[in-house]
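# Examining the three-dimensional arrangement
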Amino acid sequence: MYTSKKAAISFIFVTLLIDVMGWGLIIPVMADLIAQLKHIPVNQASTYGALLLSVFAITQFLFAPVIGNLSDKYGRRPVLLLSLLGFGLDYIILALAPAYGWLFAGRIIAGITGASFTTATAYIADVSTDETSRAKNFGMIGAAFGLGFVLGPALGAFLASWGIRAPFYAAAVLCLVNCLYGYFFLPESLSKENRRPFDWRRANPFGSLKFLTRHPEIGGLALSFFLIYLGAQAVQGNWNFFTIYRFNWSEKMVGISLAVVGVLVGAVQAGLTRVVNPKLGNEKSIYLGLSLYTLGLILFAFATQGWMMFVFLVPYCLGGICGPSLQSVISGHVPPNQQGELQGALTSLMSLTTIIGPLMMSTTFAYFTSDKAPFHFPGMHFLIGGACMLLSIIITNKVLTREKKVRPELLDVIKGGGELKDAPMH
């Protein structure tokens, strides 16, 4: 078995890329498929599409800590391969679905097995030798999301010319081929001496969140992590509605803008973070990234012309340099045999933002564009997102400042110049 860490990291990158591409592949045809199965117009089908997103997020929230804990007991490799197999089966179900209920069932399966993200991030933590390499490797997560966000919808639109079900089969093939490749070439990253027994108390989603509170510093940093992803829902959950309403954009223009987002995110995560973060260190990268996120969201809120949105995407996407450093600092507090549990808890936090974020942002957008609002302001949800980022800066600064005084052994982790060894666990 080829055990090169570089090859293993490449496999993880491809796995994450396929996760994102798989959903991106089916975006162009999902609305038409739902409308066809429900025998309703496409605009009415949007409600049923939202239900599919919701059930996926809820299921992933419930099962992510279970999958993470299983990877701490049995290793990362078997969990990753089973997750890929599950995704492949999900897309086959979607491709063959004779009724809407099948789509619902498929999304539940995808939510259960979708915790490949959890295990993939734990794998990255396992094979990263120090804080600098860990931050670089975590940066590939964002790069995979950005690239998948560009390639998935474009490829899905192309395959749709062969039939409405073609993108689903393509997504299934991608998952199953990668699963087969991983079976022969992916090494295990978690040594047997670093494994631990499975514990249901740790594996339930709310119990896994308690894991973050065992250390006050992890609880604070996890809250900051949560606020970042919640604030990002102002863009992710409402971009198309806002731009169509505010600037009368066509679907093509919305698609172009999302492709630009994907390119910028990929460039930042794959290139910029690997250069800037080691030079600035974790702490400065976190503060700079969060400041740019805040600036970008405030600029979105007050944009008056469509072209401004493209310009303001630059500072917003540059904010992505904070994510890998914050995740690196959080993971540096946890020993190897608990990385799966930690990443499962963080994924649960992300799932929570996916459940509540779009609803919160969409409700705000709808209210401030209605006659009931005290004033007309379509960008109010962007200001709420910016407030989340600003609050994240305050919380992170408070936590890291306290740690420098109380726990000096964490100084290298915070700065990004080394790896925490023998951290006291409270």
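All residue numbers refer to position in the chain's written sequence, counted from 1. Local features in a predicted model are, by the rule used here, given only for residues with pLDDT of at least 70; side-chain atom pairs are given and counted only at 80 or more, and totals for whole chains, interfaces and linings are based on all residues. Hydrogen atoms and water are omitted, and side-chain values are computed over all heavy atoms in the structure.

### Looking at the overall build of the protein chain
Along its length, the protein chain carries 18 helices and 0 strands. A total of 426 residues make up the protein chain; the buried ones form 55% of that total. A separation threshold of at least 6 residues defines the contact pool for the protein chain, and within that pool the share at least 24 residues apart is 81%. Only DSSP runs of H or I with at least four residues qualify as helices, and only runs of E with at least two residues qualify as strands; both kinds are numbered from the N terminus onward. Think of it in three bands: residues with accessible area under 20% of the maximum for their type are buried, residues over 50% are exposed, and the middle band is partly exposed, with areas taken using a 1.4 Å probe on protein chains only. Here a residue-residue contact requires only that any non-hydrogen atoms of the pair lie within 4.5 Å.

### Some points on the side chain of Asp72
Note on placement: Asp72 falls in helix H2 (residues 42-74). The exposure class of Asp72 is buried, given its relative accessible area of 0%. Looking at Asp72, its side chain comes within polar contact range of the side chain of Arg76, at 2.7 Å. With near-sequence residues (within four places) excluded, Asp72 lies in contact with Leu190, Arg195, Arg196, Asn337, Gln338, Gln339, Gly340 and Glu341. Whenever a nitrogen or oxygen atom comes within 3.5 Å of another N or O atom, the pair is scored as a polar contact, on the condition that within protein one atom can donate a hydrogen and the other can accept it, and that pairs from neighbouring residues in sequence are kept only if both atoms are in side chains.

### So, the pattern of salt bridges
When a carboxyl oxygen of Asp or Glu is within 4 Å of a side-chain nitrogen of Lys or Arg, the pair counts as a salt bridge. One pass over the structure, following the stated rule, counts 2 salt bridges. One salt bridge in this structure joins Arg76 and Asp72, with 2.7 Å as the shortest N-O distance. Neither Arg76 nor Asp72 differs from the other in exposure class; each is buried. Taking the shortest distance from any N to any O, the salt bridge between Asp90 and Arg107 comes out at 2.8 Å. Within this pair, whereas Asp90 is found in helix H3 (residues 76-96), its partner Arg107 is found in helix H4 (residues 100-113), the two being separated by 17 residues in sequence. Considered together, Asp90 and Arg107 belong to a single accessibility category, that of buried residues.

### A word on the confidence of the model for the protein chain
Averaged over all residues, the pLDDT of the protein chain is 79; the fraction at 70 or higher stands at 83%. Note: pLDDT gives the predictor's confidence per residue, expressed from 0 to 100. Taking the mean pLDDT of every element in the protein chain, the minimum, 61, falls on helix H18 (residues 411-415) and the maximum, 95, on helix H14 (residues 306-318). Across residues 417-426, confidence stays below pLDDT 50; counting only partners more than four residues off in sequence or on other chains, it has 25 contacts.

### Quick look at the environment of Ala172
Looking at where Ala172 falls in the secondary structure, it is placed in helix H7 (residues 166-185). Residues Ala172 and Gly88 lie 84 residues apart in sequence; the distance between their C-alpha atoms is 4.3 Å. Ala172 has contacts with Gly88, Tyr91 and Ile92, leaving out every residue within four places of it along the chain.

### Digging into the nonpolar core
By convention a nonpolar core is built from buried Ala, Val, Leu, Ile, Met, Phe, Trp, Tyr and Cys residues, the set being connected through side-chain atoms within 4.5 Å. Counting residues in each nonpolar core, the largest one holds 56 residues, and the members touching the most others are Leu212, Phe300, Met309 and Phe382. Examining the composition of this core, we find that 11 residues originate from one element, helix H10 (residues 216-236), more than from any other. Of all hydrophobic cores here, the second largest spans 23 residues; its members include Leu25, Val29, Met30 and Ala110.

### Here's the deal with the packing of helix H13 (residues 282-301) against H14
A pair of packed helices is characterised by two quantities: the angle between their axes and the separation of those axes. The interhelical angle for the contact between H13 and H14, taken along N-to-C directions, is 160°, at an axis separation of 6 Å. When the interaxial angle is binned, H13 and H14 end up roughly antiparallel. Classified by chirality, the crossing of H14 by H13 is left-handed. Here H13 contributes Leu292, Tyr293, Leu295, Gly296, Leu297, Leu299 and Phe300 to the contact with H14, which in turn contributes Met309, Phe312, Leu313, Pro315, Tyr316 and Leu318. Looking at the contact of H13 with H14, its residues break down into 12 nonpolar, 1 polar and no charged. Between the N-to-C directions of two axes lies an angle of 0 to 180 degrees, each axis being a line fitted to C-alpha atoms and, for a helix, fitted only over the stretch in contact. Angular relationships are summarised with four words: roughly parallel below 35 degrees, roughly antiparallel beyond 145, roughly perpendicular across 65 to 115, and oblique for the angles in between. Crossing handedness is read from the near helix: turned anticlockwise from the far helix by less than a right angle, it gives a left-handed crossing, and turned clockwise, a right-handed one. In the scheme used here, Gly and all other residues not listed as nonpolar or charged are polar, with Ala, Val, Leu, Ile, Met, Phe, Trp, Tyr, Cys and Pro taken as nonpolar and Asp, Glu, Lys and Arg as charged.

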